[in-house]
Amino acid sequence: MPLHFPPAPAPALRSVLTALGSPTAVREARTPALRAAQQPATPELPLPVHVLDRLTPEGVSATRLAGWRFLIRCGDHAVAAAETVLTADGWAFSHFFEGPYVASTERALRQAETAAQAYQPRLLSMPSLYMLTLWLRSDTSGDGATGHPAPADVLVPLAPAPPGIASHRPHRVADLLPLLTHRLRTGWLMRSPA
């Protein structure tokens, strides 16, 4: 089934296109692959980036939209990503980056395209676990900016994943969030004073 990418805000895409067209922004980016690209760089596959700040004892999560990420393609694969953030003046380009999450995101999206069900892809960051997942939302009608992980949604941990969690192995939210909640509680207890 195809993935239903939510439409990125037009100002977010424009800010990335402007940054890609700026020799200064590209030259000063910490992305050697982007600077060395011989083919035109194009932003593709817009993904809303949600942050999961906390898990409740019931495993219900609260998320917030932190930005939009675009994979930057040169030729047949992504060489970098561009991040945008919401400012008081609207969506603005934040930075370019490269590293393992770029290739891992591209791989997870290719895997998701072979799923029997249609999904809306998003990214879900869990800073307290140092974890980033591809969030495959079963409700494909949303705008990408709102919502929280539903039990039937799928999370695919991106590489590198935290110890004990396999990268690129899809998990239903109903199965993975209780494990993560337990991990957070255990970590919190280990850090608390005796």
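To be clear, the structure that these remarks concern was listed above.
About the thresholds
Residues numbered from 1 in each chain as written. Predicted model: local features only at pLDDT ≥ 70, side-chain atom pairs only at ≥ 80, totals over all residues. Heavy atoms only, no water. Salt bridge = Lys/Arg side-chain N within 4 Å of Asp/Glu carboxyl O. Helix = DSSP H or I, 4+ residues; strand = E, 2+ residues; numbered from the N terminus. Core = buried A, V, L, I, M, F, W, Y, C linked by side-chain atoms within 4.5 Å. Buried < 20%, exposed > 50% of the residue type's maximum accessible area, 1.4 Å probe, protein only. Contact = heavy atoms within 4.5 Å. Polar contact = N/O pair within 3.5 Å; in protein donor to acceptor, adjacent residues only side chain to side chain. Pairing = 2+ DSSP bridges. Phe/Tyr/Trp six-rings, centres within 6.5 Å; stacked < 30°, edge-to-face > 60°. Lys NZ or Arg CZ within 6 Å of the ring centre and 35° of its normal.

Colleague: Just to check I follow, could you spell out the pattern of salt bridges for this structure?
Modeller: For side chains bearing opposite charge, pairing can occur when the charged atoms are close. Enumeration over the complete set of coordinates arrives at 6 salt bridges. One salt bridge connects aspartate 53 with arginine 64, and the closest N-O pair in it is separated by 2.7 Å. On the criterion of sequence distance, the pair formed by aspartate 53 in strand β1 (residues 41–55) and arginine 64 in strand β2 (residues 61–74) is long-range, its members being 11 residues apart.

Colleague: Looking at this structure, I do not really get the nonpolar core. What am I missing?
Modeller: In a soluble, globular protein the nonpolar side chains are often hidden away together inside. Core analysis: the largest hydrophobic core is formed by 19 residues, its most contacted members being Leu123, Leu134 and Leu136. Elements with a minimum of two residues in this core: β1, β3 (77–87), α4 (100–112), β6 (131–137) and β7 (154–157). By residue number, the principal contributor to this core is α4, which donates 4 residues. When neighbours within four sequence positions are excluded, leucine 136 is seen to be in contact with Leu3, Ala112, Tyr119, Gln120, Pro121, Asp153, Val154 and Val156. Residues Ala12, Val16, Val26 and Phe96 belong to the second largest nonpolar core, which totals 16 residues.

Colleague: Looking at this model, I keep getting lost on the side chain of glutamate 106. Mind explaining?
Modeller: In this structure, glutamate 106 sits in helix α4. At 3.1 Å, the side chain of glutamate 106 forms a polar contact with the backbone nitrogen of alanine 78.

Colleague: Please explain unusual backbone geometry as it appears in this structure.
Modeller: Working note: non-glycine residues mostly have negative phi, and peptide bonds are mostly trans. Omega for the peptide link from alanine 159 to proline 160 comes to 0°, which places this bond in the cis form. With respect to the secondary-structure elements, proline 160 resides in the loop between β7 and β8 (171–172). In the Ramachandran plot, leucine 45 falls in the positive-phi region, its phi being about 50° despite a non-glycine side chain. Its identity is not glycine, yet histidine 168 carries a phi of approximately 65°, on the positive side. Mapping histidine 168 onto the fold places it in the loop between β7 and β8.

Colleague: Explain the pairing of β7 to me, please; I cannot follow it from the model alone.
Modeller: Along any regular strand the residues' side chains alternate between the sheet's two faces. Burial along β7 is two-sided: Val154 and Val156 facing one way and Leu155 and Pro157 facing the other are all buried. In terms of strand pairing, β6 meets β7 through 4 bridges, oriented antiparallel. The partner of leucine 136 across the bridge, within β7, is valine 154. Strand direction decides the pairing type here: β7 and β8, joined by 2 bridges, are antiparallel. Bridging from a neighbouring strand, leucine 155 pairs with histidine 171 of β8.

Colleague: I tried to follow the packing of aromatic side chains on my own but got confused; where do I start?
Modeller: Remark: the centre distance and the inter-plane angle together describe each pair of aromatic rings, the angle taken between the planes. Applying the stated rule across the entire model yields 1 aromatic pair. With centroids separated by 4.7 Å and ring planes inclined at 55°, the aromatic side chains of phenylalanine 93 and phenylalanine 96 adopt a geometry described as tilted. The exposure class of phenylalanine 96 is buried, given its relative accessible area of 6%. In this structure, arginine 122 packs its charged tip against the face of tryptophan 135, placed 4.9 Å from the ring centre.

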